[in-house]
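Chain by chain, the residues:
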Amino acid sequence: MDMIGFKRYIFLIVMALCSACQQNEKARTIPVDDFFKSQDKIAYRLSPDGKYLSYLKLQGTEQNIYIEDIATGAGKNVTSLGDKRIVFYFWVSNNELIYYKEVDAAKSQSDVFIIDKNGGHQRQLLSSDKSRLKVLDDQLIDNKYLLVSSNKRDSTVFDVYRLNVRNGNMEMAARNPGNIVDWRTDADGKLRLAMSSDGVNTTILYRNQESEAFRPVLTSNFKDTFRPIAFSHSKPNIIYAISNVNRDKSALVEFDCNTGKELKNMYCNDTLNITDAQYSRKKQKMSFVVFETWKKEKHFLNDSVKLFYDNLDKLLPKTETRIFDKDNAENVFILRSFTDRNPGSYYLYFANTGQLRKLSDFNSSIHEAEMCEMKPVSFTSRDGLTIHGYLTLPLHQKAEHLPVVVLPHDGPGDRNLWGYNPEVQFLANRGYAVFQINYRGSSGYGKKFVAAGFKEWGGKIQDDIYDGVQWLISRNIADPKRVGIYGTGFGGFIALNGLYLNQGTYACAASNAGVINLFTYLKSIPPYQKPNLQMFYEIIGNPLTEVDRMRQASPLFQTDKFNAPVFVAQNIKDPGNNSGETIQFVKNLKKRGISVTYLENEGDTIFGKNQESRRKFYTTLEEFLNINLKRK
């Protein structure tokens, strides 16, 4: 053998050894806390003049507003709330902020305060007094008024008020006749649009100026989408809206409020569904539209905006970038970047210089090399629908005969999307293939696909998930004896459904705050959403006329059909949850000899402040899955 042949021989041996090492390499078991760590800094905002940065800073168990001078880096806490939580805050001027202090988490009640950027002149604007308040436009009018909506007059409807931030007085600006479900302002903060609903049909109401009465300009079924984005600056009667009226996929359209007609499609594609759009107040034109395929993508309507994002792509390559806030001059921006394997970081970006300044990591405990790739997949349902989803495989394992956790998303009307998901990565790190399915009824695939899921909870939605599992098994990716299902909210409902509607498919099911009784869920709808009640009946079911179908789809009434281990966790402070029913559900399962793991908590297990509560939940989930999916 000559020297060249010898070197080639050695190289092949080394490569073979490296390949063998990679096959035998095991992923490090990452601590639970690392996946679900509380962020020290969240909710970044910019003052309108772009000179100050604000955020919620966690110090021990306290979370307060922190203000930082962007030029000097000097900063300080401007609130001191002890164990109370700030639900929401925003800048109303270059010197002042408004914040909501939580009073009762279970009832979503908050007191509203205003404070200056140095922490002085704090005063309470509103008391929760069992009502809710929404800010319609965060710009001050005449340096003292905010346009807000509140249900303080009538708990079932929201009227519009002018809130004087100097003295807390509220003056009614528009009285809700009883059927208005949304109000919209123009670029000058004038109340120009409203949306009314009879529960099934939505009507767009318009007026040229605030002295006039609202008049109807467009009525559409709730199955249609018509979402105003912005008023045109040059033509006050023109609005830009996302609409799928008379089409399956949503488009960005220009709409004439005087005639009630579409003037033109600004961007439309028969295969793509537009889900969002961005308008620039400074440039006074639409910037881009967002559409969803297997990830969110942009189509630019403005060359300067495309150049802006091209520059960001060079600075933050191979990441997805989202803008969270910007100053009025559209020069200083707050960004977050991420991938499917990296929770990402927050940055300040200065457009005039092209400079990027890192603010913080979303979760510094996560290392990209240890995370798993989220791959898009699709399959055909039994009735011919194309169903999309994602498959995340554990590191250093062949895609053969793996234990699988099916992770149905919450809903209705939500969807899974490409990006970093701590639950997915946690489960993959524990050796499971994680299967996320955008079953019929999920958003992002058009109007017909959403409507295909109506009244199919416990029906064809369950079939889609079952068909997906069979698709995994047919490709020998899933071990048919080691498939579990876990979800939160409606995802938990789907998980529990699966045990008795597809008996023998799942070795176990886990539900976190899962719906177990559709009748109770519909009763829990708050008073201010009552105008939409008929819509909920159309989507989920009518509790008066479809009793048998809804009972069959409600796990609470089907405990005699369960035959596999169940893990049930519930937030006992959730106003939409009936703790007594959940406890009875658990008791009924145990009476039949079903292995049940039951856990109570007092908050959101993913985003809540209680680290110990999160640790307990995910440790219990890990043990439950390990016993039922791995120890065979």
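Our subject is the structure listed above.
For the structure given in this document, a descriptive report is provided here. Just so we're clear, the structure is a prediction, and the values are computed from it rather than from any experiment.

Reading the values: the criteria
Residues numbered from 1 in each chain as written. Predicted model: local features only at pLDDT ≥ 70, side-chain atom pairs only at ≥ 80, totals over all residues. Heavy atoms only, no water. Pairing = 2+ DSSP bridges. Helix = DSSP H or I, 4+ residues; strand = E, 2+ residues; numbered from the N terminus. Axes fitted to C-alpha atoms, helices over the stretch in contact; angles between N-to-C directions. Buried < 20%, exposed > 50% of the residue type's maximum accessible area, 1.4 Å probe, protein only. Contact = heavy atoms within 4.5 Å. Phe/Tyr/Trp six-rings, centres within 6.5 Å; stacked < 30°, edge-to-face > 60°. Lys NZ or Arg CZ within 6 Å of the ring centre and 35° of its normal.

Notes on the sheet that holds strand β10 (residues 145-150)
Judged by pairing direction, the sheet is antiparallel, and its four strands sit side by side in the order β9-β10-β11-β12 without closing on themselves. The sheet is open, and its two borders are formed by β9 (133-141) and β12 (170-174), each paired with just one other strand. Strand-to-strand, the axes of this sheet are offset by a mean angle of 30 degrees, without reference to chain direction. In terms of strand pairing, β10 meets strand β11 (residues 159-164) through six bridges, oriented antiparallel. Across the sheet, Tyr145 pairs through a bridge with Asn164, a residue of β11.

As for helix α4 (residues 422-429)
Most of α4 is tucked away: seven of the eight residues are buried. Among the residues of α4, Glu423, Val424, Gln425, Phe426, Leu427, Ala428 and Asn429 are the ones counted as buried. On its buried face, α4 sits against α2 (32-35), β29 (386-392), β30 (402-406), β31 (433-438), β32 (478-488) and α12 (611-630). A positive phi of about 100 degrees marks Gly431, the residue just after α4.

What about the packing of aromatic side chains?
Given two aromatic rings, their pairing is described by the distance between the two centres and the angle made by the two planes. Under the defined criterion, the tally for this structure stands at 41 aromatic pairs. Where Tyr44 meets Tyr55, the ring centres are 5.2 Å apart and the plane angle is 55 degrees; that geometry is what we call tilted. One end of the pair, Tyr44, is in strand β1 (residues 41-46); the other, Tyr55, is in strand β2 (residues 52-59), with eleven residues separating them in the sequence. Of the two residues, Tyr44 and Tyr55, both sit in the buried class. Centre to centre, the rings of Phe288 and Phe300 are 6.0 Å apart; their planes meet at 70 degrees, and the pair counts as edge-to-face. Linking Phe288 in strand β22 (residues 285-292) with Phe300 in strand β23 (residues 296-300), this pair joins segments that are twelve residues apart in sequence. It is Arg45 that lies over the ring of Tyr89; its NZ or CZ is 5.6 Å from the centre.

Details of the environment of Ala241
As for its position among the elements, Ala241 is in strand β18 (residues 238-243). For Ala241, a relative accessible area of 0% gives the class buried. Here the alpha-carbon distance between Ala241 and Arg227, two residues 14 residues apart in the chain, equals 5.3 Å. Sequence-distant contacts of Ala241, defined by excluding residues within four places in its chain, comprise Phe226, Arg227, Pro228, Ile229, Ala251, Leu252 and Val253.

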